[in-house]
Structures are given as C-alpha cells and as structure tokens.
Amino acid sequence: MRRLFPVTDQTVTTDSGGPPPGAPGEGGGEGGGAAPDREWSLDELADAYAYPEPGSGEPGPWLRANMVSTLDGAAQHDGRSQPISTATDMRIFGTLRGLADVVVVGAETVRLEGYRPARARAEFAARREAAGQGPAPAVAVVTASLDLDFSLPLFTSPLVPTLILTGAAAAPDRVAAAEKAGARVVIAGDGMGVEPDRAVRALAELGHTRLLTEGGPRLLGQFVAAGVLDELCLTVSPMLAVGDAQRIAGGPSVAVPRRFALVSLLEEEGFLFSRYRRP
Ligand SMILES: NC(=O)c1ccc[n+]([C@@H]2O[C@H](COP(=O)([O-])OP(=O)(O)OC[C@H]3O[C@@H](n4cnc5c(N)ncnc54)[C@H](OP(=O)(O)O)[C@@H]3O)[C@@H](O)[C@H]2O)c1
C-alpha cells in the first residue's frame, strides 16, 4: 500500500528503495528498507486513522463512517459488502474498530451480514489501554422494531454488552427480550425511531466519544442529513457491479450537498482508501 495524498516523497520510490524520513515504517535507520508499495503494519494503519486528540479543537464526540463502494456506486453485491471488499479493506475495517469506543450499525446490516461481537485484538490492546478504552468496542444496533435474534452471540456473549438504540415507543416485550439477553437498551428518540443527533449524544453520555458507524446506507443517510457525520472513510473498489444495489448513503436527499475535505488517500492494487472530513 502507498500513500497518494497528502503527497510525500513516499508516493514515489526513493533512490535507496526505502521510505523517506518520517514516512510510515521509517525507522530512522540507514538506507535500505521496504519499498513504498508494501503492506503497512496495523500500528501504522492505526496511526494513519487516529481520531482527533481530545483538546485538538474538536469538541465532543467524533462520528466516523467506514464504507466501501464500487466505481459505479454499489454499496453491496448480492446483499453483502464482502464481494466488493478486499483483504486490505478488511485490515482497515479492523483497525477502525480497534480505535473506536463503539460501532454503530443499522439493524438491517446486522441481520444481513450476521454481525458478531467485536473481538479484543492483541495488536490494539496497549493502544486501547493508553486511550482509556476497554478491550473491544461495544456494538450499538439502531433499530425501531427490535426484530433481532437475541439468541445470537452479538447479544449473549459480547466482551462489552451490546447496546440497542431505539425510540421511547419501542415495543415493551421486545425491549424486555433484548434486556433479558444481556443487551443494554438506550432510548434516543421520542417515537418509534432514533433521532440521529440524540443517538450521538446518548452514546457520548455513556462515555463513547470515538464513534464508528459501519452503515448501512439507510442509517448513514440519516447521520448525513442530521449533520452529525464528522468523517467518512470510503474504500473505492475497482469494480463495476451494475444492478440496483444501494449507494453508501440512502434516504431523502439533503437540500444542499454536504462538502467534505480530503484528508488522506491510500492505494493498493487499484483499491483507493480515502478519508474525508467535514470542513
Ligand atoms: N458498502 C458498505 O460499506 C456497507 C456497509 C454496511 C452495510 N452494507 C449493506 O447495506 C445493506 C443494509 O443496509 P440498509 O441501508 O438496508 O439498512 P441499515 O441502515 O443497515 O439498517 C436499516 C434498519 O436500521 C434501523 N434504523 C435505521 N434508522 C433508524 C432510526 N432512525 N431509528 C430506528 N431504527 C432505525 C431499522 O431497523 P428495524 O427494521 O429493526 O426497525 C432499519 O430497518 C446490506 O446489504 C449490507 O450488506 C454495505
């Protein structure tokens, strides 16, 4: 993998074949070393995708989305994102989880992708401990119906109790079933549904300020429309899927398209790993 933006000397091969000073993986030693197009360690990826530091001028919680899209805008193939992803995309997916306090996901993605609890990974253990985080992020499922299989490991055996974000008018028997399974139900809306800005606030009140949403498109569209999305990590997959797949964000269009700024762009085997943030 190599960095295309911001442009650094690392973007091109140096005479010695090694990365220039300051590039990821540059150990400060003499000459030699890996060529720029090489596998990045999880530590390097974690540095590249670090959340804004507290006190860096970014008040409150930070909501980042991680999504993958084909060249023609498909966010899934045959109902899953895996066919349009790649191993490096999954490494970045895992890294973003490794940095997050909580993973926020729509119930349909949980149902279709068979979501499991987030794992504790040794590679991120020291970093998480230093950041005051538990061993793995909590998963927070956004749902109005609570039509979820509460016998699944996501609810019965996570490292951190799974959260259910729902509205105050959610069916009491479903709420009871969720709680009986071990999930923690958090109300973030007055009606059946969740209000996106309230969801972010409710998670922050629980101490979750490094938020990661993995979609799906219907949920992401609401975060965008509500103006609470801070950052988008978008993998552009060098594939054309045609068909009628969803785009990465769905729902009613916003009055004026939201402009985001490019923060970084990595490339491997034609896959582009971009990172955009609100200005
Ligand atoms: N390309 C990617 O990066 C990517 C990422 C994620 C998912 N996907 C794909 O996207 C597809 C699923 O996405 P999707 O857009 O159909 O669904 P989704 O956003 O994952 O989930 C929609 C569901 O979330 C709940 N929900 C959403 N907004 C809510 C609100 N404001 N209040 C309460 N509940 C709310 C509802 O659940 P209830 O029905 O339970 O009320 C709704 O049916 C799958 O095919 C998946 O593979 C792709």
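Residues numbered from 1 in each chain as written. Predicted model: local features only at pLDDT ≥ 70, side-chain atom pairs only at ≥ 80, totals over all residues.

### Brief notes about the overall build of the protein chain
And step 1. Counting its secondary structure elements, the protein chain contains 8 helices and 10 strands.
And step 2. A compact globule built from 279 residues would reach a C-alpha radius of gyration of about 19 Å, and the protein chain, at 19 Å, matches this within 12%.
And step 3. The dimensions of the protein chain, computed from C-alpha atoms along their principal axes, are 65 × 45 × 35 Å.
And step 4. A buried classification covers 37% of the 279 residues belonging to the protein chain.
And step 5. When contacts within the protein chain are restricted to residue pairs at least 6 apart in sequence, long-range pairs at least 24 apart make up 65% of them. (Helix = DSSP H or I, 4+ residues; strand = E, 2+ residues; numbered from the N terminus. Rg over C-alpha atoms; globule rule 2.2 N^0.38 Å. Buried ≥ 20, exposed ≤ 12 C-beta atoms within 10 Å, placed from the backbone. Contact = placed C-beta atoms within 7 Å.)

### Some words on unusual backbone geometry
And step 1. With an omega dihedral of -5°, the bond running from F5 to P6 counts as a cis peptide bond.
And step 2. By the secondary structure assignment, P6 is in the loop between β1 (2–5) and α1 (42–48).
And step 3. Between G215 and G216 the backbone carries a cis peptide bond, its omega angle lying at 0°.
And step 4. With respect to the helices and strands, the residue G216 is situated in the loop between β7 (210–213) and α8 (217–225).
And step 5. In the Ramachandran plot, L146 falls in the positive-phi region, its phi being about 55° despite a non-glycine side chain.
And step 6. Residue position: L146 is located in the loop between β4 (138–142) and α5 (153–156).
And step 7. When the 20 C-beta atoms within 10 Å are taken as the criterion, L146 is described as buried.

### Notes on the pairing of strand β8 (residues 231–237)
And step 1. In terms of burial, β8 is largely enclosed, as 5 of its 7 residues are buried.
And step 2. Pairing analysis gives 7 bridges linking strand β2 (residues 62–70) to β8, with the strands arranged parallel. Paired with T70 across the strands is S237, a residue of β8.
And step 3. Looking at chain direction, β8 and strand β10 (residues 271–277) are connected through 6 bridges and run antiparallel. Within β10, the residue paired with L234 across the bridge is S274. (Pairing = 2+ DSSP bridges.)

### Observations concerning the site of the ligand
And step 1. Around the ligand there are 30 residues in total, and G106, E108, G193, G215 and G216 lie nearest to it.
And step 2. Every element with two or more residues in the shell around the ligand is listed here: β2, α3 (107–113) and α8.
And step 3. Per element, the largest residue contribution to the shell around the ligand is 5 residues, and it comes from α3.
And step 4. Class assignment for the residues of the shell around the ligand results in 11 nonpolar, 13 polar and 6 charged. (Near = placed C-beta within 6 Å. Nonpolar A, V, L, I, M, F, W, Y, C, P; charged D, E, K, R; others polar.)

### Some points on the environment of P59
And step 1. On the secondary structure map, P59 appears in the loop between α1 and β2.
And step 2. Separated by 150 residues in the primary sequence, P59 and T209 place their C-alpha atoms 9.9 Å from one another.

### Brief notes about the sheet that holds β4
Each strand in a sheet pairs with its neighbour through backbone hydrogen bonds, running either in the same direction (parallel) or in the opposite one (antiparallel).
And step 1. Strand order in this open sheet of 10 strands is β1-β9-β10-β8-β2-β7-β3-β4-β5-β6, and the pairing throughout is mixed. With one partner strand each, in any of the chains shown, β1 and β6 (184–187) form the two edges of the open sheet. Along the sheet, successive strands turn relative to each other by an average axial angle of 25°, direction set aside.
And step 2. With 5 bridges joining them, strand β3 (residues 102–106) and β4 adopt parallel strand pairing. Its bridge partner lying in β4, G106 is registered against V142. (Axes fitted to C-alpha atoms, helices over the stretch in contact; angles between N-to-C directions.)

### Thoughts on α8
Side chains that are three or four residues apart share a direction in an α-helix, a result of its 3.6 residues per turn.
And step 1. The buried fraction of α8 is high, at 7 of 9 residues.
And step 2. Those residues of α8 hidden inside the fold are in contact with β2, β3, β4, α7 (196–205) and β7.
And step 3. Of the residues one or two after α8, G227 is the one with positive phi, at around 75°.

### Quick notes on the nonpolar core
And step 1. Grouped together as the largest cluster of nonpolar side chains are 60 residues, with contacts concentrated most on V103, V139, A140, V141, V142, L165 and L211.
And step 2. Per element, the largest residue contribution to this core is 5 residues, and it comes from β4.
And step 3. Once you skip the residues sitting within four places of it in the chain, L211 turns out to touch P61, W62, L63, R64, A100, D101, V102, V104, V200 and L203. (Core = buried A, V, L, I, M, F, W, Y, C linked by C-beta atoms within 7 Å.)

### Quick look at the environment of F155
And step 1. Note on placement: F155 falls in helix α5.
And step 2. For F155 and T213, which are 58 residues apart along the polypeptide, the C-alpha to C-alpha distance reads 18 Å.
And step 3. When residues no more than four places from it in sequence are discounted, the contact partners of F155 are F150, T162, A181, G182 and A183.

### A look at the environment of V242
And step 1. If you trace the backbone, V242 turns up in the loop between β8 and β9 (261–268).
And step 2. Overall, V242 belongs to the exposed group, with 9 C-beta atoms counted inside 10 Å.

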